[in-house]
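# Structural characterization, general
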Amino acid sequence: MLSGVIGTEIAPAPQLFCRMPKVQRTQVGIVGAGPAGLVLSHLLYLHGIESVVLENRARQYVEERVRAGVLEQNTVDLLTAMGVGERMKREGLVHYGIELRFNGQGHRIDFHELTGGKGITIYAQAEVLKDLNNARIAAGCQVLFEVEDVSVHKLDGPQPKILYRKDGDEYELCCDFIAGCDGFHGICRPSIPAGVLTEYDRLYPFGWLGILAEAPPSAEELIYAYHERGFALLSMRTPHISRLYVQCRPDEEIDHWNDEKIWHELRTRLASTNGWKLTEGPVLQKGVTGMRSFVVEPMQYGRLYLAGDSAHIVPPTGAKGLNLAVTDVQILARGFDEYYSEGRHDLLDRYSEICLRRVWKVQRFSWWMTSMLHRFPDENPFDHRRQLAELDYVTSSHAAARTLAENYVGLPLE
Ligand code: PHB
């Protein structure tokens, strides 16, 4: 069944004396309109499965928030196959390598050569979300923004429910399944009864101060720099906009950093002995991001499935967060498809196990990149020497470089 009509109202509730919620029904209720929620919703639509997406923020906020920007080949291929890849193909920047810079010298990791032709695409998460929202709306589907008081219920029964409020009215959305795509701070994960989930959590003793600058990127590919004063990253969004980061304290006050101080730190940490110069320009946006590694096991409870940041967080050094969210929902969509088309739930039952196997490998990679490239406040001179040796090894051994490359471009899906 192709879902033109979704979220069907099945019982207009009497509104005269008591405010009963309006009852609606769908197959999959999706909480959160980030990459996980929207990719899932569109994949389900393509399989003829109904969904309703509920998002507590405004569409404009979600589409303008500065987030990730690196897409693995698998993500690019999926968005293309879903019919939402046209603008990404036109505007995305395809890169076949990155540079690791330390001791003032750059070393290229050649993804193309090391992975048999694979690369990455630079295309902002905000742009991916715009393309997905446009596709969802063109398909006549429901993505409801600015909903309030979202809560999930009856997760371990045959018909879970989502309660929410929109424009002052209360709704009860009856679902076959719920997908919790509402991020690390969302309501889905905490709605699972105590004792069910095991949490694995690791905070890092630093954060990233990031800026978006109106300046042509100073290099064609991303530069990850390890410096005495801490990590720095040169990235980009378009041929005219640079995205840059410096390692900072986890509780850093952004107001203590004026633009000149940020540029000075970037110039120092990214400095190269070969005369390379950092292009500067007006700072359009700036902010501090904390760094954490986090996983919950399992990623499902009853008929609630967690996907993306609601189930796991990676530090941004490996550029994996968005890609991991996309692979979660790719697997989940296959499970729902198998359920609705064949009446089997084998894949749904194994959802958590299949995802977690990949999640942990990506966690390992993100932790490793983070550990190799940052200065730790409690490190001793041995650690510093060891990190330099690690960088030397990764950039001089074909085997080590290949390990980095195959993880960076994305491990294959099971
Ligand atoms: C970014 O462009 O925002 C970006 C790129 C690479 C990373 C993290 C963030 O590892």
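Residues numbered from 1 in each chain as written. Predicted model: local features only at pLDDT ≥ 70, side-chain atom pairs only at ≥ 80, totals over all residues. Heavy atoms only, no water.

### Details of the pattern of salt bridges
Scanning the entire structure with this criterion turns up 29 salt bridges. Across the pair Arg25 and Asp176 runs a salt bridge, and its minimum N-O distance is 3.2 Å. Linking Arg25 in strand β2 (residues 22-25) with Asp176 in the loop between β13 (169-174) and β14 (177-180), this pair joins segments that are 151 residues apart in sequence. When its relative accessible area of 14% is taken as the criterion, Asp176 is described as buried. Among the salt bridges present, the one from Glu63 reaches Arg59, with a minimum N-O distance of 2.7 Å. Taken together, the residues Glu63 and Arg59, both in helix α2 (residues 59-64) and four residues apart, mark about one turn of the helix. Here Glu63 falls in the buried class, since its relative accessible area comes to 11%. (Salt bridge = Lys/Arg side-chain N within 4 Å of Asp/Glu carboxyl O. Helix = DSSP H or I, 4+ residues; strand = E, 2+ residues; numbered from the N terminus. Buried < 20%, exposed > 50% of the residue type's maximum accessible area, 1.4 Å probe, protein only.)

### Topic: the sheet that holds strand β8 (residues 105-110)
If you trace the eight strands from one edge of the open sheet to the other, you get β8-β7-β16-β17-β18-β15-β19-β22, paired in mixed fashion. Strands at the two margins of the open sheet, each flanked by one partner only, are β8 and β22 (312-313). Relative to strand β18 (residues 241-248), strand β17 (residues 232-238) runs antiparallel, the two sharing six bridges. For Met236, the partnering residue across the bridge sits in β18 and is Ser242. Relative to the sheet, helix α7 (residues 259-270) contacts β7 (97-102), β15 (198-213), β16 (223-226), β17, β18 and β19 (283-297), its axis offset from that of β18 by approximately 85°. (Pairing = 2+ DSSP bridges. Contact = heavy atoms within 4.5 Å. Axes fitted to C-alpha atoms, helices over the stretch in contact; angles between N-to-C directions.)

### Observations concerning the packing of helix α3 (residues 73-81) against helix α8 (residues 321-342)
At a minimum axis distance of 9 Å, the contact between α3 and α8 shows a crossing angle of 55°. In terms of axis orientation, α3 runs oblique to α8. At the point where α3 passes α8, the crossing takes the left-handed sense. Between α3 and α8, the contacting residues are Asn74, Thr75 and Leu78 on the first element and Asn323, Val326, Thr327 and Gln330 on the second. Looking at the contact of α3 with α8 residue by residue, the classes come out as two nonpolar, five polar and no charged. (Parallel < 35°, antiparallel > 145°, perpendicular 65-115°, else oblique. Left-handed = near helix turned anticlockwise from the far one by under 90°. Nonpolar A, V, L, I, M, F, W, Y, C, P; charged D, E, K, R; others polar.)

### Brief notes about α7
If you check α7, its first and last C-alpha atoms are 16 Å apart, about what 12 residues at 1.5 Å a residue would give, namely 16 Å. Looking at α7, one finds that the buried residues are Ile262, Trp263, Glu265, Leu266, Arg269 and Leu270. Down the axis of α7, the buried side of the element spans an arc of 160°, and every buried residue falls inside it. Buried residues belonging to α7 abut β7, β15, β16, β17, β18 and β19. (Expected span 1.5 Å × (residues − 1). Arc of directions from axis to C-beta.)

### Overview of the sheet that holds strand β3 (residues 28-31)
Pairing within the open sheet is mixed, and its six strands lie in the order β10-β4-β3-β14-β21-β20. Only two strands of the sheet have a single neighbouring strand rather than two, namely β10 (142-144) and β20 (300-301). As defined by bridge partners, β20 adjoins strand β21 (residues 304-306) across two bridges and the pair is classed as antiparallel. In the sheet register, Gln300 faces β21, and the bridge partner there is Tyr305.

### Thoughts on the confidence of the model for the protein chain
For the protein chain, per-residue confidence averages 94 on the pLDDT scale, and 96% of positions sit at 70 or higher. Predicted confidence for residues 1-6 stays below pLDDT 50, and this span has 17 contacts to residues more than four positions away or in other chains. (pLDDT = per-residue confidence, 0-100.)

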